Amino acid sequence: MSAYTDDKLVHMANQIARNLALDEDPVGAVAAHIRAYWNPRMIDGLRRQSDAVLEPVAAAAIAGLEPTHG
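This is a predicted model, so every value here is computed, not measured.

Cut-off values and rules
Residues numbered from 1 in each chain as written. Predicted model: local features only at pLDDT ≥ 70, side-chain atom pairs only at ≥ 80, totals over all residues. Heavy atoms only, no water. Helix = DSSP H or I, 4+ residues; strand = E, 2+ residues; numbered from the N terminus. Buried < 20%, exposed > 50% of the residue type's maximum accessible area, 1.4 Å probe, protein only. Contact = heavy atoms within 4.5 Å. Areas by Shrake-Rupley, 256 points an atom, 1.4 Å probe, with all protein chains shown as cover. Lys, Arg positive; Asp, Glu negative; His and termini not counted. Charge placed at Lys NZ, Arg CZ, Asp CG, Glu CD. Axes fitted to C-alpha atoms, helices over the stretch in contact; angles between N-to-C directions. Parallel < 35°, antiparallel > 145°, perpendicular 65-115°, else oblique. Nonpolar A, V, L, I, M, F, W, Y, C, P; charged D, E, K, R; others polar. Core = buried A, V, L, I, M, F, W, Y, C linked by side-chain atoms within 4.5 Å.

Caption draft 1: Spotlight on the overall build of the protein. The secondary structure content of the protein amounts to four helices and zero strands. Secondary structure elements in the protein, listed N-terminal to C-terminal, are α-α-α-α. Projected onto its principal axes, the C-alpha positions of the protein cover 35 × 20 × 15 Å. Looking at the protein as a whole, 34% of its 70 residues qualify as buried. In the protein, the share of contacts with a sequence separation of at least 24, taken over all contacts with a separation of at least 6, comes to 68%. In the structure as shown, the protein presents an accessible area of about 4500 Å², 53% of it carried by carbon and sulfur atoms. Computed over 6 positive and 9 negative side-chain charges, the inter-centroid distance for the protein is 8 Å.

Caption draft 2: Structural view of the packing of helix α1 (residues 6-19) against helix α3 (residues 40-47). Taken N-terminus to C-terminus, the directions of α1 and α3 make an angle of 90°; their axes are 9 Å apart at the nearest point. It follows that α1 is roughly perpendicular to α3 by the angle criterion. Contacts from D6, L9, V10, M12 and A13 in α1 reach M42, G45 and L46 in α3. Residues of the contact of α1 with α3, tallied by class, amount to six nonpolar, one polar and one charged.

Caption draft 3: Main features of the nonpolar core. In this structure, I34, W38, L46 and L54 are the most contacted members of the largest nonpolar core, which totals 19 residues. In terms of residue count, the dominant contributor to this core is α1 (six residues). Once residues lying within four places of it in the same chain are set aside, the contact partners of W38 are L9, M12, A13, I16, H33, I43 and L46.

See the structure below:
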């Protein structure tokens, strides 16, 4: 079982999105960060969340990630 609740995953993804908002490609930067540092369970947990609770950059980054395996 993951140590991260869905609320914590949303908080972390939104925080990453805010921190990378001024990047040349914020959606790509958030996606790259999540791909590099998050495990598949965390990504799948975030995918279950409504876009309404995610910052637009975070929602777009998650939508663009390849499906996880494992």
